[in-house]
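Summary of structural features
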Amino acid sequence: MIIDKDYTRGIRLFVGLVLSLFITASVMIDSGYLRFLDSIFIGQIQKTTGGFKDTIMHMATTLASPKMDIIWIFVLAFFMWGFKFKLQALWGIFTLAGADVIGFIVKNIVRRDRPVFHSASDTGFSFPSGHVLGIFIVIAVVWIVILPHIQSNLIRRLLYVLTFLFVLLVMVSRIYLNAHFPTDTVGAVVIGYTWVQVSEMLYVRYAPRLKQHWRPVLHSYL
């Protein structure tokens, strides 16, 4: 299987879950230590503003908006389905949808207000960042399903680096634009990572049964 059994996945899930709960709890109690870290990173990221930097930051945040994440995952799913990676296409859509639900639930449990000078277009609660959570899932699908099939080691490694840097850029853009605190973006990555481990476990358990019993994915790669 493309997503195969991995006995270390349970350990990764445990570590991700502990970190997710720790960051979420720290935000909920308004930890002074986290506020201190947030202030340091905000100061560094917003030290210089304007010009080309503004353009890059707005472009990054637009490309990683929740609506764009849905477009990206369906584009990926379209091509994966065409190349007979049908189960993986469905898995990618399911993983993004699940992350959106988890993000919505956590936002409404934590109910963290956004930074004071956030844009009026940035509505809802602040933790975790929906932009970062969504684009993390999209890139995770690319890493897990698509990039391993690229034959050229150089191109594959280059794409790993570029997609990783893009996630970092989106994280920085959300802080730069006053849409989120740094811990909102880090929390989104940790929560997204934890959910990916769960989603992979679900794939390993249920994908073979789905392939066996559901005709549309009968000829899909497993």
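As the structure is a computational prediction, the values presented were derived from the model and not from experiment.

1. Section: the nonpolar core
The tendency in soluble globular proteins is for nonpolar side chains to be buried as a group. Core analysis: the biggest nonpolar cluster contains 35 residues, and M80, W91 and I137 have the highest contact counts within it. Listing elements by their share of this core, those giving two or more residues are helix 4 (66–82), helix 5 (86–110), helix 6 (130–146), helix 7 (153–176) and helix 8 (182–213). It is helix 6 that provides the largest number of residues to this core, a total of 12 residues. If sequence neighbours within four positions are ignored, I137 has contacts with T95, L96, A99, G192, W195 and V196. Grouped together as the second largest cluster of nonpolar side chains are 8 residues, V27, V106, V190 and I191 included.

2. Description of the packing of aromatic side chains
As enumerated under the stated definition, the model contains 5 aromatic pairs in all. Arranged with centres 6.3 Å apart and planes meeting at 75°, the rings of W91 and Y203 form a pair that is edge-to-face. Note that W91 is positioned in helix 5 and Y203 in helix 8, a separation of 112 residues in sequence. For W91, a relative accessible area of 5% corresponds to the buried category.

3. Focus: helix 8
When the terminal C-alpha atoms of helix 8 are compared, their 45 Å separation across 32 residues agrees well with the 46 Å that a helix rising 1.5 Å per residue should span. The sharpest bend along helix 8 reaches about 40° and sits at Y206, with the proline P208 one to four residues further on.

4. Side note on the pattern of salt bridges
Following the criterion strictly, the structure yields 5 salt bridges and no others. Its salt-bridge partner being R35, residue D30 comes within 3.1 Å of it at the nearest N-O pair. Among the ionic pairs, R112 bridges to D184, the shortest N-O distance being 2.7 Å. Here R112, found in the loop between helix 5 and helix 6, pairs with D184, found in helix 8; they are 72 residues apart in sequence, far enough to count as distant. Neither residue differs from the other here; R112 and D184 are each classed as buried. Each of the salt bridges in this network shares a partner with another, and the network as a whole consists of D38, R112 and D184.

5. Topic: the packing of helix 5 against helix 8
At a minimum axis distance of 10 Å, the contact between helix 5 and helix 8 shows a crossing angle of 140°. When the axis of helix 5 is compared with that of helix 8, the two are oblique. Note that helix 5 runs across helix 8; the crossing there is right-handed. Note on element contacts: helix 8 touches helix 5 through I191, W195, V196, S199, E200, L202, Y203, A207, L210 and K211, opposite L87, Q88, L90, W91, F94, T95, G98, A99, I102 and V106. Each residue belonging to the contact of helix 5 with helix 8 can be placed in one class, and the counts come to 14 nonpolar, 4 polar and 2 charged.

6. Some remarks on the UniProt feature "transmembrane region" (unreviewed entry) in the chain
UniProt's feature table lists "transmembrane region" (unreviewed entry) at residues 12–29, 64–83, 90–110, 130–147, 159–179 and 185–204, given in the numbering used throughout. For residues 159–179, the helix share is 86%, the strand share is 0%, and the end-to-end C-alpha distance is 28 Å.

7. Thoughts on the layout of surface pockets
Counted as a void, the largest pocket has a volume near 460 Å³. For the lining of the largest pocket, the elements supplying multiple residues, two or more each, are helix 4, helix 5 and helix 6. The element that contributes the greatest number of residues to the lining of the largest pocket is helix 5, accounting for 6 residues. Broken down by class, the residue content of the lining of the largest pocket amounts to 6 nonpolar, 9 polar and 6 charged. As a volume, the second largest pocket reaches approximately 380 Å³. F136, A140, W143, V189 and Y193 are, among the 16 residues lining the second largest pocket, the residues nearest its centre. It is helix 8 that provides the largest number of residues to the lining of the second largest pocket, a total of 6 residues.

Quick notes on the rules
Residues numbered from 1 in each chain as written. Predicted model: local features only at pLDDT ≥ 70, side-chain atom pairs only at ≥ 80, totals over all residues. Heavy atoms only, no water. Core = buried A, V, L, I, M, F, W, Y, C linked by side-chain atoms within 4.5 Å. Buried < 20%, exposed > 50% of the residue type's maximum accessible area, 1.4 Å probe, protein only. Helix = DSSP H or I, 4+ residues; strand = E, 2+ residues; numbered from the N terminus. Contact = heavy atoms within 4.5 Å. Phe/Tyr/Trp six-rings, centres within 6.5 Å; stacked < 30°, edge-to-face > 60°. Expected span 1.5 Å × (residues − 1). Bend = angle between axes of the 7 residues up to and from the residue. Salt bridge = Lys/Arg side-chain N within 4 Å of Asp/Glu carboxyl O. Axes fitted to C-alpha atoms, helices over the stretch in contact; angles between N-to-C directions. Parallel < 35°, antiparallel > 145°, perpendicular 65-115°, else oblique. Left-handed = near helix turned anticlockwise from the far one by under 90°. Nonpolar A, V, L, I, M, F, W, Y, C, P; charged D, E, K, R; others polar. UniProt positions renumbered as here; feature names shortened; annotations may be inferred. 1 Å grid on protein atoms, 1.4 Å probe; cavity = no way out; pocket = protein on both sides within 12 Å on 5 of 7 lines; lining within 4 Å. Points joined across faces, edges and corners; volume = space filled by probe spheres on them.

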